[in-house]
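Structure at a glance
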Amino acid sequence: KAGVTQTPRYLIKTRGQQVTLSCSPISGHRSVSWYQQTPGQGLQFLFEYFSETQRNKGNFPGRFSGRQFSNSRSEMNVSTLELGDSALYLCASSASGARDTIYFGEGSWLTVV
Amino acid sequence: AQSVTQLGSHVSVSEGALVLLRCNYSSSVPPYLFWYVQYPNQGLQLLLKYTSAATLVKGINGFEAEFKKSETSFHLTKPSAHMSDAAEYFCAVSESRYSTLTFGKGTMLLVSP
């Protein structure tokens with residue numbers, strides 16, 4: 001079956017702009033999580049959605065937001081981009097939570113200039 | 001709060017040698033533990049996971065890990081390294097059935113011929 005699909009794979013944005021990243025989970029998976037990966041901070045949890053509801057949230061400013069649709073697809077949005085937002089953003093899906101296998105997508109590489 | 005410490009940001013081994021990547025965790029409740037591998041410019045691939053069943057967990061590509069509660073450790077091993085094992089390895093912990101993973105900083109495995 002198809003894996004976790006993230007779009008776009010690469011993008012370049014200017015400071016102050018906003019960006020929307022998309023994630024299509026594995027069919028049947030209801031939990032979608034987002035992570036930010038940077039060389040300095042490593043992998044950090046952003047938020048998790050389950051059945052269209054945010055179930056968990058990491059320690060990121062309000063500029064970072066997300067949502068999940070009824071088909072479990074998820075989007076995350078970053079407004080007023082800063083240079084420090086340059087990172088690999090990874091989406092992960094699982095059937096219901098950590099007890100299940102959590103699969104990651106290839107990620108979206110965001111560069112802010 | 002949960003946390004993960006991976007000892008050694010880089011580990012070098014010769015092809016055919018034993019691979020040992022160390023992971024210690026901190027958790028206030030029985031944890032779920034995971035090892036992921038990341039190849040350059042790719043997402044994370046699950047190697048194995050511990051979810052309170054057998055303490056010795058076998059994963060893909062010949063890797064295994066042993067959960068030791070008394071030592072709060074979950075070290076990853078492979079009897080014989082292969083060149084294709086060169087990648088970055090992440091240990092992660094989850095305290096809940098939700099999909100929130102806390103990752104270690106990662107260990108880059110270098111394999112020389």
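Source: prediction; values computed, not measured.

**Describing the sheet that holds strand β8 (residues 74-78) of chain A**
Residues and elements named next belong to chain A. The strand order across the open sheet formed by four strands is β1-β3-β8-β7, and the pairing between neighbours is antiparallel. The sheet is open, and its two borders are formed by β1 (5-7) and β7 (64-68), each paired with just one other strand. Going from strand to strand, the sheet's axes swing by 15° on average, the running direction of each strand aside. Note that strand β3 (residues 19-24) and β8 share five bridges and pair antiparallel. Opposite T20, over in β8, you have N77 as the bridge partner.

**As for the interface of chain B and chain A**
Taken together, the contacts link 21 residues of chain B with 26 residues of chain A. Our count for the contact surface shared by chain B and chain A stands at six residue pairs in polar contact (both at pLDDT 80 or more). Listed by contribution, the elements that provide at least two residues to the side of chain B that touches chain A are β4 (32-38), β5 (44-50) and β9 (87-94) of chain B. Tallying contributions element by element places β4 of chain B first for the side of chain B that touches chain A, with four residues.

**Some remarks on the packing of aromatic side chains**
Evaluation of the coordinates by the stated rule reveals 14 aromatic pairs over all chains. Between Y35 of chain A and F103 of chain B, the aromatic rings sit 5.6 Å apart at their centres with planes inclined by 90°, giving edge-to-face as the arrangement. A residue pair is termed interchain when its members come from two chains, as with Y35 of chain A in strand β4 (residues 31-38) and F103 of chain B in strand β10 (residues 102-103). As far as burial versus exposure is concerned, Y35 of chain A and F103 of chain B are alike and both buried. Ring geometry for F104 of chain A and F103 of chain B: centres 6.1 Å apart, planes at 70°, overall edge-to-face. Of this pair, F104 of chain A sits in strand β10 (residues 103-104) while F103 of chain B is found in strand β10, placing the two residues in two different chains. We classify F104 of chain A as buried; its relative accessible area is 10%.

**What to know about the environment of V78 of chain A**
All names here are of chain A. Tracing the backbone through its elements, the reader meets V78 in strand β8. Accessibility expressed as a relative area gives 1% for V78, which makes it buried. Residues V78 and P61 lie 17 residues apart in sequence; the distance between their C-alpha atoms is 9.7 Å. If near-sequence neighbours (up to four positions away) are discounted, V78 is found in contact with Q17, Q18, V19, R63, F64 and D85.

**A word on the sheet that holds strand β1 (residues 3-7) of chain B**
Residue and element names in this part refer to chain B. Ordered in space as β1-β3-β8-β7-β6, the five strands form an open sheet in which the pairing is antiparallel. Where the open sheet ends on each side, the last strands, each with one partner, are β1 and β6 (56-58). Within this sheet the neighbouring strands show an average axis-to-axis angle of 20°, counted without direction. In terms of strand pairing, strand β3 (residues 19-26) meets strand β8 (residues 73-78) through four bridges, oriented antiparallel. Its bridge partner being in β8, N24 is matched across the sheet by S73.

**Quick look at the state of the cysteines**
Overall, the coordinates contain two disulfides over all chains when judged by the stated rule. Across a sulfur-sulfur distance of 1.8 Å, C23 of chain A and C91 of chain A are joined as a disulfide pair. Across the S-S bond of C23 of chain A and C91 of chain A the torsion is about -65°, and the bridge reads as left-handed. One end of the pair, C23 of chain A, is in strand β3; the other, C91 of chain A, is in strand β9 (residues 87-94), with 68 residues separating them in the sequence. Looking at C23 of chain A, the relative accessible area reads 0%, which means it is buried. Relative accessible area serves as the criterion here: at 0%, C91 of chain A is assigned to the buried category. Each disulfide pairs two cysteine sulfurs, and for C23 of chain B the partner residue is C91 of chain B, the sulfurs being separated by 1.9 Å. In this structure, the disulfide formed by C23 of chain B and C91 of chain B twists by about -60° around the S-S bond and is classed as left-handed.

Basis of the calculations
- Residues numbered from 1 in each chain as written.
- Chains lettered and ligands numbered in written order.
- Predicted model: local features only at pLDDT ≥ 70, side-chain atom pairs only at ≥ 80, totals over all residues.
- Heavy atoms only, no water.
- Pairing = 2+ DSSP bridges.
- Helix = DSSP H or I, 4+ residues; strand = E, 2+ residues; numbered from the N terminus.
- Axes fitted to C-alpha atoms, helices over the stretch in contact; angles between N-to-C directions.
- Contact = heavy atoms within 4.5 Å.
- Polar contact = N/O pair within 3.5 Å; in protein donor to acceptor, adjacent residues only side chain to side chain.
- Phe/Tyr/Trp six-rings, centres within 6.5 Å; stacked < 30°, edge-to-face > 60°.
- Buried < 20%, exposed > 50% of the residue type's maximum accessible area, 1.4 Å probe, protein only.
- Disulfide = S-S within 2.5 Å.

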